[in-house]
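This is what each chain is made of:
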Amino acid sequence: MMAWVRRRLTPSVGLLLLTLLPLVTAMWHAWRAGWVPIGDHGLIELRAADVLTGNHPWLGTWTSASLSAGVDFNNPGPLLFDLLAPTIKLFGGSAGAVIGVAVINGGACAIALHQGRRLAGLRGEVLMAGACLSLGWSMGSEMLIDPWQPHVLLLPFLAFLACAAASAIGEVRSVPWMVALASLLVQSHLSFTYVVAIVGAASLVLCARSVRLIGRADAARGEAPALEWRRPAIVAAVVAVVCWVQPLYEQFFGPGEGNLSRLAGASGSSSDMIGAGLGTRLVAHIVAIPPWFLRPSFQDSIPITSRSEDGLVHVAAWPPLALSAVALAVVLAGALVLVHRLRRVGDRALAHLVVIVVVGVLGALATMLVLPLGPLGLAPHQMRWLWPLSVLLWWGLAGAAWRLAPAAWGLHRYRRAIAWGALGLLAAINLPAHLTDGGPATFRQYRPVLSSMIDQLEHVHLDAPAQFDTSNLRFAEPFSGTVLLTLLDNDQPVTVVDEGFVRQLGEGRRASGNERWMVRVLERDDALAVDPDDPSVLAYADGLSDAERDELQALSVTGDDPQRQADLEAQRWSVVVAIVLVPIS
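Since we're looking at a predicted model, the values are computed, not measured.

1. Regarding the layout of surface pockets
Taken as a whole, the second largest pocket spans an internal volume of roughly 730 Å³. The wall of the second largest pocket is formed by 24 residues, among which Arg123, Val126, Trp402, Arg415 and Ala419 lie closest to the centre. Put simply, the parts of the chain that give the lining of the second largest pocket at least two residues each are α2 (11–33), α6 (93–139), α17 (386–404) and α18 (415–430). No other element matches the 8 residues that α18 contributes to the lining of the second largest pocket. Looking at side-chain class alone, the lining of the second largest pocket contains 17 nonpolar, 3 polar and 4 charged residues.

Below, the structure is given as C-alpha cells:
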C-alpha cells in the first residue's frame, strides 16, 4: 500500500495537495462561522441557480460602472455563473456557493501549477505553488471562498499569467487555456479588460516569435518542425467562440440595445478617470513599496477614499508621486536587468515569465488612464488584479536571483529542502481563519440577522405578484440581494421596476404593472417602528439573542444600568431589519 502511495505521490501531486489545503480549511472555517450570502453574494448565487432555467443569464452582473457612465450595462458574460451553477444546484444555497468558489480557485491553482511545469519544469511548478499560496495568504481564508467577482477572480488571474508566460516561450498548447481564462476574467469584471488584453497580446506576439525561432532551429538541423501550432490555434478559436456565444446571442437577439453595444458606447464616457498620477501611486504602492502584496496591504493599502471638495481623490498616507515613480522604475529596471542576465545564461523560461509580469505592470499603469473612479470615489475592488501581478513579479524575481546566484554559494545543493520548507511554511500560515474587510464581506456582522431573515422568508408564500421596492435602498446595503435570492429561489412571484435591478435579475423578472404588493426592506429607525407580530411583516431580525432581548426589556423598565441599556439599543439599531409587505394603491 505504501509503495502504491509513494509511486503516485509525485512532486507534482504533492505540490497540488499543498496548494489546495488552504482552500479546504477555508471551507471549514466558513461552515463553522455560519456563512450566508451578503448583498451581492445573494445576486451571484441567484443567477448561478438560474443557469439553464427560464431565467437563464446571458450576461454577467449589472455593474456599478453604469453610475459613472450614465447608462445601465452588465459585465460582458455569464461564465462565472456557469462555473458556480453545478455546485449550487447540487449542494444548494450557501454550501453550494462556498464549494463552488473553492472549486474555481482550486482549478485555477491546478492550471497555474500545470502551466508552471510547461514553462520551466518542476522549478516552474514550485514557483507557481509559492505564488498561489502567497496570494491566498494575502487574501485571507474568508476571501478564498468569497463569490464576489473582485475576489473570486484573483487566483484565476494568476493562472492566466502563468498561461501567458508558458505561451510566450512557444508552448502553443497553453494558448487555449489562456483564452478561456481571459474570457472568464473579462466577462466577470470589466476592470480586468485592459490588463488582460495587453498581457494576452504580448504573450501571443512572443509565442509567434518563439514558434518561428524554434522552427528555424529545427530547419537548420534538417529536422521537421517540432511544434504543431495549427491544432492549438483551432482549439483556441473554438474555445473563444464557446466562451463568447452567450454575450453574442444577447447582443443580437436580446431585448433592447445589446450589452456589447452599451459597453462600446459607454467606453470613455466618464470624465473622472483615475489618471496617470494617482494610478502610478496605486501601482507602486502594491508592486514596489512595502508591504507590497503581503496580507496587511490587502485590506489597508488602498482604502475606500471619497472625492475631496475639488473633485479629486487625495490619500495623504501614501508616498508622494515622485517617490512612487522612482520606486516603481527601480523595480521594473531591476526586473529587466535580470531578464537580460537570464537570457545570457540561456534561461528563456524565467526570462519570459518576468517579461510577461513586467508587461502586466505596464498594462496596469495603462489601465489607470482609462479606469473611472467609482461612485464611492477610489475603491480597491477596481484594481484587485494588482495583487496577483505583485505576487508573481516578486516570485519571478526571487526565482531569477536564485538561478543567477554564484555556484560558490552552494544554494543549489539545498534547493529541494529550501523549496519544500518554504512552501510548507506558506501552507501552514494559510490554515488559521483570517477575516478581511472587502466587498460584501465587510458587513459580516449582519450574518446572524441575515440567517434569521432567510429562515423566516423561506416560509413565505405570496398569494399574488409583488414588486420589490428599491427606492429606499442605500448603496451597497447588505440585505436586498439576500432577500431576492431567498424569495425568488422559492419561486415567489417577485418582480422589479428599477432598470439596474432588471438587468441584474433578468428580463423575465421585470414588473408587469399587475403586482398587488410591494416588498420593502426597512432598516434602523424604520425597522424599529415596525411591530414584528404584524401580519404584513414577512421577516424581522434585530441581532439580539433572547437573553439580550430580555435584558434590554428589563433595563427599559428598571433603568438600573443606563450605559448597558444604551449599548444594547445601539447594537440593535445598527443591524435591525424588517421585510414588510405593503399593498400597492
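Past the structure itself, the notes keep going.
2. Here we look at the pattern of salt bridges
Between side chains of opposite charge, a pair can form when the charged atoms approach closely. Using the criterion set out here, one finds 16 salt bridges in the structure. Glu507 serves as the salt-bridge partner of Arg510, at 2.6 Å between the closest nitrogen and oxygen. Using a relative accessible area of 31% as the deciding quantity, one classes Arg510 as partly exposed. In this structure, a network of salt bridges that share partners links the residues Glu142, Asp437, Arg444 and Arg447.

3. Here we look at α18
The terminal C-alpha atoms of α18 lie 23 Å apart, and with 16 residues this matches the ideal 22 Å at 1.5 Å per residue to within 8%. Residues of α18 that are buried include every one of Leu423, Leu426, Ala427 and Asn430, and no others. For α18, the buried positions fall inside an angular range of 100° around the axis, keeping them on one side. Of the exposed residues in α18, those oriented more than 90 degrees away from the buried face are Ala417 and Leu425.

4. Looking at a negative patch on the surface
A cluster of acidic residues, Asp455, Glu458, Asp489 and Asp491, forms a negative patch at the surface. With respect to the helices, strands and loops of the structure, Asp455 is situated in helix α19 (residues 447–457). Of the residues examined, Asp455 reaches a relative accessible area of 44% and is grouped as partly exposed.

5. Let's talk about the packing of α19 against helix α20 (residues 480–489)
Two elements in contact, α19 and α20, have axes separated by 9 Å at closest approach and are oriented at 25°. The orientation of α19 relative to α20 falls into the category roughly parallel. α19 and α20 meet at a crossing whose hand is right-handed. Across the interface between the two elements, Leu450, Met453, Ile454 and Leu457 of α19 pack against Thr482, Val483, Thr486 and Leu487 of α20. The residue inventory of the contact of α19 with α20, partitioned by class, reads 6 nonpolar, 2 polar and no charged.

6. Notes on the sheet that holds strand β2 (residues 494–495)
The strand order β2-β1-β3-β5-β4 describes an open sheet built from 5 strands, whose pairing is mixed. Both outer strands of the open sheet, β2 and β4 (537–541), are each paired with one neighbouring strand and no more. As defined by bridge partners, β4 adjoins strand β5 (residues 577–583) across 4 bridges and the pair is classed as antiparallel. Opposite Ala539, over in β5, you have Ile579 as the bridge partner. With respect to the sheet, α19 is in contact with β4 and β5, its orientation differing from that of β4 by roughly 155°.

7. Points about the pairing of strand β3 (residues 517–523)
Within β3, 5 of the 7 residues are buried, leaving the element largely enclosed by the surrounding structure. Bridge count for strand β1 (residues 466–468) against β3 is 3 bridges, and the pairing is parallel. Residue pairing in the sheet places Gln467 in a bridge with Met518 of β3. Bridge count for β3 against β5 is 7 bridges, and the pairing is antiparallel. The partner of Val519 across the bridge, within β5, is Leu581.

Conventions adopted
Within any chain, residue numbers begin from 1 and follow the written order of that chain's sequence. Local features are withheld for residues below a pLDDT of 70 in this predicted model, meaning they are given only at 70 or higher, and side-chain atom pairs are given and counted only at 80 or more; totals for whole chains, interfaces and linings count all residues. Side-chain figures throughout are based on the complete set of non-hydrogen atoms in the structure, without hydrogens or water. The method works on a 1 Å grid over the protein atoms by themselves. A cavity is a set of points holding a 1.4 Å probe that cannot get out, a pocket is an open set with protein on both sides within 12 Å along at least five of seven lines, and residues with an atom within 4 Å of a point line them. Grid points are joined across faces, edges and corners, and a volume is the space filled by probe spheres set on the points. The helix and strand labels rest on DSSP assignments: H or I over at least four residues marks a helix, E over at least two residues marks a strand, and numbering proceeds from the N terminus. Note on residue classes: Ala, Val, Leu, Ile, Met, Phe, Trp, Tyr, Cys and Pro are nonpolar, Asp, Glu, Lys and Arg are charged, and everything else, Gly too, is polar. Salt bridges, as used here, are contacts in which a Lys or Arg side-chain nitrogen is within 4 Å of a carboxyl oxygen on Asp or Glu. The buried label applies to any residue whose accessible area, calculated with a 1.4 Å probe on protein chains only, is under 20% of its type's maximum; exposed applies above 50%, and partly exposed to all values in between. To estimate the expected span of a helix, subtract one from its residue number and multiply by 1.5 Å. Read the arc as the range of directions from the helix axis to the C-beta atoms. For patches, a residue must show more than 30% relative accessible area and have no salt bridge; joins then use 9 Å for like charges and 5 Å for nonpolar side chains, namely Val, Leu, Ile, Met, Phe, Trp and Tyr. The accessible surface values rely on the Shrake-Rupley method and a 1.4 Å probe; as for residues, cover is taken only from the protein chains in view. Under the convention used here, Asp and Glu are negative, Lys and Arg are positive, and both His and the chain ends fall outside the count. Think of each charge as sitting on NZ of Lys, CZ of Arg, CG of Asp or CD of Glu. Comment: axis = line fitted to C-alpha atoms, over the contacting stretch for helices; angle = value between 0 and 180 degrees taken between N-to-C directions. For classification purposes, an angle smaller than 35 degrees is called roughly parallel, one larger than 145 roughly antiparallel, one from 65 to 115 roughly perpendicular, and anything else oblique. Crossing handedness: left-handed means the near helix sits turned counterclockwise from the far one by under a right angle, and right-handed means the same turn made clockwise. We call two residues in contact whenever any of their non-hydrogen atoms come within 4.5 Å of each other. When DSSP locates at least two bridges between a pair of strands, those strands are taken to pair.

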